[in-house]
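# Architecture at a glance
Here is what each chain is made of, one letter per residue.
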There are 2 protein chains.
Amino acid sequence: MTNKVFFTPGPSELYPTVPQHMAAAMANKIGSISHRSQQFKDIYAHAVTGLRQLLQLPDNFEILLLSSANEIWERAIQNTVEQESFHLVNGSFSKRFYEISKELGRKATKHEVAFGEGFEVDQIEVPATAELVALVQNETSSGASLPVAAINALREKVGPEPLFFVDAVSSMPHPAFDYSKIDSVYFSVQKCFGLPAGLGVWILNERCIAKAEALQAKGLSVGSYHSIPSLLPKAKIFQTPETPNVLNIYLLGHVVEEMNKKGVDTLRQETEAKAKLIYDYIAGSENFEVAVQKESHRSATTIIANTKLPASEVIKRLAPFDMAVGSGYGSYKESQIRIANFPAHSLSQVQALVYKLKELVS
Amino acid sequence: MTNKVFFTPGPSELYPTVPQHMAAAMANKIGSISHRSQQFKDIYAHAVTGLRQLLQLPDNFEILLLSSANEIWERAIQNTVEQESFHLVNGSFSKRFYEISKELGRKATKHEVAFGEGFEVDQIEVPATAELVALVQNETSSGASLPVAAINALREKVGPEPLFFVDAVSSMPHPAFDYSKIDSVYFSVQKCFGLPAGLGVWILNERCIAKAEALQAKGLSVGSYHSIPSLLPKAKIFQTPETPNVLNIYLLGHVVEEMNKKGVDTLRQETEAKAKLIYDYIAGSENFEVAVQKESHRSATTIIANTKLPASEVIKRLAPFDMAVGSGYGSYKESQIRIANFPAHSLSQVQALVYKLKELVS
């Protein structure tokens, strides 16, 4: 039994009601039901209908359930890129998407800025031959964020042709996207949705679907059981080609229902208020400094600080008080800490973290 | 709250201790821990070390954790077949593996017998050009089983060259394989391991690994995050490329530990004793008849009966007594029932089912 509060950037603190929903799932044997039954279809429909409401999704977008954001990167390339993709890269995860395109035999080009920096739209030149533009709205490794206004401005600059794929793995549902400007957005449930890992949610419009069908019609392979043409007809009847992670879909539906009761506007305001608390503390600390220099490029949900004390020492000092923050990513392991600010983290938990960091670290 | 016992062929009844392990996982916040932490590595090691013991796996075999058996079909073709695979087909799942090979642009050939029939080794002609031979040890849709002795005889007949891939999705750990005769075997955790769905276990030897590396060295794409060359170095340090289904890996380790306490020999004997009870009942019933004609081809774990009463009527009669059997697969939905006989099903539960079927159906 642990009382630790996980401010780690994912897996992270579970949404507070998850243990009670899991207990109900066990009592009702949700792990045993057939994934072809009406009971499962109702569970699936509950999750995606709730998501449509929470994300204010237009009717021309579909929701597909996969296993991870890694998988979505692979399926996106397989299904919507014949020759060439273009990637905004400013950290480990945006770089990985770029690499996956190359591993799948495509030409991948990139506009890269330093780890921890954001992007300036006027400096981005998208090749006219790029079929997919990979945007990272929130780079989990570095805490750099791309404002929705910048995404919209890039669309204006680039024109309507290439598919815009937006990584909101660790920010959704915080960004209020203009869905007329993007074609796909995806996230993992173990970040802002406060769920156990094992599910990636892929949201995509009719243009992505048409592209996959066109590639398939040309005789190109778009994958097998998790191609868009295989996933979509199942999704429309609230099913999946394979036996899916039923328990997690059940939990997703319940957490989203509670988020809808609160309302997405309230969720977003709470996220911003908590982010301000954390950033204000970091800015005033003698040990920490905000890693992302430009204020408009700072993530509201994954907050990164440079630390003079080794990150392991900060983590060690917090441990007796049942609080965990994340170490830096990769080579920043000891020189940065990462603090998740997700809907599962209450205002009072964030206040307690800031208070304790002030006391223990300065 | 339900007291229903699921004799459905997967998802099925959970192993009896799963709810208590899940409660412990929630209390210890296993859903929040980092998948790069030592705590996670220990959970992963616990699962695979236990599996090695249970399955009596030789050292030249590795265990990889994926999302589903569907995914394993796809990864197997991508990683070990350059041109051509050969498939034994006698039901919906073995047929699907064959189709996946074609969807991935390979030449797939097959030896097909009727739904519900097994295979005769002397009638199987494996093309000399086949790189992978797909064997279905237990066809979940039809209840036909391929004895281990037949697998070994086919290896003798075919010679050492092609990779032998064995589908034991709904039978593992019942079959006692001779691992010197096969190269890979795979299963899903929601069948005989009594776990919630969302994890496929892929066991493969050094020949499969070498093949993937050779294809990659030739400049061919073997996939990305879930290619063998990506999965293997992570598996060796008890990790996965993506954030995995941590909770299910945790549960797998605990269930396998309990199976090891019982011992695989006892598990196999219990499975056979329960199978005999069910088959004897079906053979003596006026309503049912055993679907698989030849006794040596009958599955011990997924038992299929032709039914005169529509399957839905059988299911309806059992429902008030908190018992669920599966309907037939696909076009056999009403003309067959499927009864799972997994380690999670106790002898007394099987006896109660047989008793109730006798009373309600004849």
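Fair warning: this is a prediction, and the values are worked out from it, not measured in the lab.

This part takes up the interface of chain B and chain A. Taken together, the contact pairs 49 residues of chain B with 50 residues of chain A. Contact with chain A buries area across many residues of chain B, yet Lys 29, Ser 32 and Tyr 225 of chain B alone supply 15% of it, more than any other trio. For the pair chain B and chain A, the interface holds 4 salt bridges. For Glu 74 of chain B, the salt bridge is made with Arg 75 of chain A, and the minimal N-O distance between the two is 2.8 Å. There are 19 residue pairs in polar contact (both at pLDDT 80 or more) connecting chain B and chain A. Looking at the side of chain B that touches chain A, the elements with two or more residues in it are β1 (5–7), α1 (18–27), α3 (69–80), α4 (92–103) and α8 (246–262) of chain B. Of the residues assigned to the side of chain B that touches chain A, the class counts are 20 nonpolar, 20 polar and 9 charged.

All right, on to the side chain of Ser 299 of chain B then. Residues and elements named next belong to chain B. The residue Ser 299 is located in the loop between β11 (288–290) and β12 (302–307) in this model. Judged by relative accessible area, which is 0%, Ser 299 ranks as buried. One polar contact links the side chain of Ser 299 to the main-chain amide nitrogen of Thr 301, over a distance of 3.0 Å. Of the polar contacts made by the side chain of Ser 299, one reaches the backbone nitrogen of Thr 302; its length is 2.9 Å. Excluding anything up to four places from it in sequence, Ser 299 contacts Asn 138, Gly 143, Ser 145 and Tyr 279.

This paragraph deals with the sheet that holds strand β2 (residues 61–66) of chain B. Residues and elements named next belong to chain B. Strand order in this open sheet of 7 strands is β2-β10-β9-β8-β5-β3-β4, and the pairing throughout is mixed. Since the sheet does not close on itself, it has two edges, and those belong to β2 and β4 (107–112), each with one partner. With direction set aside, neighbouring strand axes in the sheet form an average angle of 20°. Along the sheet face, α3 touches β2, β3 (84–89), β5 (132–136), β8 (163–167), β9 (184–188) and β10 (200–205) and points at about 30° away from the line of β10. Packed on one face of the sheet, α4 meets β3, β4, β5 and β9 and runs near 165° to β3.

What follows covers the side chain of Glu 242 of chain B. With respect to the helices and strands, Glu 242 of chain B occurs in the loop between α7 (228–236) and α8. Of the side chains with opposite charge, Arg 36 of chain B lies nearest to the buried Glu 242 of chain B, which makes no salt bridge, at 6.8 Å. At 3.0 Å, the side chain of Glu 242 of chain B and the side chain of His 226 of chain B are in polar contact. Beyond its immediate chain neighbours, meaning those up to four positions away, Glu 242 of chain B contacts Ser 68 and Asn 70 of chain A together with His 35, Tyr 225 and His 226 of chain B.

Okay, the sheet that holds strand β12 (residues 302–307) of chain A next. To summarise the sheet geometry, strands pair through backbone hydrogen bonds and adopt either a parallel or an antiparallel arrangement. All names here are of chain A. Reading across from one edge, β1-β13-β14-β12-β11 is the order of the 5 strands in this open sheet, with mixed pairing throughout. The two strands at the open ends of the sheet, each matched to only one other strand, are β1 (5–7) and β11 (288–290). Direction aside, the axes of adjacent strands within the sheet are offset by 35° on average. Strand direction decides the pairing type here: β11 and β12, joined by 3 bridges, are antiparallel. Directly across from Glu 289, in β12, lies its bridge partner Asn 306. Against the sheet, helix α10 (residues 311–318) touches β11, β12, β13 (323–327) and β14 (336–340), its axis set at about 170° to β13.

Residues and elements named next belong to chain A. With their axes 10 Å apart at the nearest point, α10 and helix α11 (residues 347–360) run at an angle of 115° to one another. Here α10 lies roughly perpendicular to α11, going by the angle between them. For α10 against α11, the interelement crossing comes out right-handed. Of the residues in α11, those touching α10 at Val 314, Arg 317 and Leu 318 are Leu 353, Lys 356, Leu 357 and Leu 360. Among the residues making up the contact of α10 with α11, the classes are represented as 5 nonpolar, no polar and 2 charged.

All names here are of chain A. For chain A, the domain assignment lists domain 1 (5–13 + 264–360) and domain 2 (18–260). On a C-alpha basis, the centres of domain 1 and domain 2 stand 26 Å from each other. Contact with domain 1, which involves 26 residues of that partner, is made by 29 residues of domain 2. Carbon and sulfur atoms supply 56% of the area buried between domain 1 and domain 2, which totals about 2200 Å² over both sides. Considering only the side of domain 1, the residues that lose the most area to domain 2 are Arg 268, His 297 and Tyr 329, jointly responsible for 28% of the buried surface there. Run the count over domain 1 and domain 2 and you get 1 salt bridge. Glu 120 is paired through a salt bridge with Lys 294; the nearest N and O atoms lie 2.7 Å apart. Taken together, domain 1 and domain 2 are joined by 14 residue pairs in polar contact (both at pLDDT 80 or more). At the level of secondary structure, the elements contributing two or more residues to the side of domain 1 that touches domain 2 comprise α9 (264–284), β12 and β14. With 5 residues, α9 is the single largest residue contributor to the side of domain 1 that touches domain 2.

Here the UniProt-annotated "domain: Aminotransferase class V" (unreviewed entry) positions come out as residues 7–328 of chain A. Secondary structure content for residues 7–328 of chain A is 40% helix and 18% strand, while the C-alpha to C-alpha distance between its ends is 13 Å.

Right, let's get into the environment of Thr 129 of chain A. All names here are of chain A. Among the secondary structure elements, Thr 129 is positioned in the loop between β4 (107–112) and β5 (132–136). Judged by relative accessible area, which is 52%, Thr 129 ranks as exposed. On a C-alpha basis, the gap between Thr 129 and Glu 84 in space is 6.8 Å, while along the polypeptide they are 45 residues apart. For Thr 129, the side chain forms a polar contact with the side chain of Glu 84, separated by 2.8 Å.

The next point concerns the packing of α3 of chain B against helix α6 (residues 206–217) of chain B. Residue and element names in this part refer to chain B. Across the interface, α3 lies against α6 with an axial gap of 7 Å and an inter-helix angle of 60°. Comparing their axes, α6 and α3 come out oblique. Between α3 and α6, the contacting residues are Gln 78, Asn 79 and Thr 80 on the first element and Cys 208, Lys 211, Ala 212 and Leu 215 on the second. When its residues are assigned to classes, the contact of α3 with α6 shows 3 nonpolar, 3 polar and 1 charged.

The rules behind each value
- Residues numbered from 1 in each chain as written.
- Chains lettered and ligands numbered in written order.
- Predicted model: local features only at pLDDT ≥ 70, side-chain atom pairs only at ≥ 80, totals over all residues.
- Heavy atoms only, no water.
- Contact = heavy atoms within 4.5 Å.
- Buried area = accessible area lost by both parts, 1.4 Å probe.
- Salt bridge = Lys/Arg side-chain N within 4 Å of Asp/Glu carboxyl O.
- Polar contact = N/O pair within 3.5 Å; in protein donor to acceptor, adjacent residues only side chain to side chain.
- Helix = DSSP H or I, 4+ residues; strand = E, 2+ residues; numbered from the N terminus.
- Nonpolar A, V, L, I, M, F, W, Y, C, P; charged D, E, K, R; others polar.
- Buried < 20%, exposed > 50% of the residue type's maximum accessible area, 1.4 Å probe, protein only.
- Pairing = 2+ DSSP bridges.
- Axes fitted to C-alpha atoms, helices over the stretch in contact; angles between N-to-C directions.
- Lys, Arg positive; Asp, Glu negative; His and termini not counted.
- Parallel < 35°, antiparallel > 145°, perpendicular 65-115°, else oblique.
- Left-handed = near helix turned anticlockwise from the far one by under 90°.
- Domains from an automatic or database assignment.
- UniProt positions renumbered as here; feature names shortened; annotations may be inferred.

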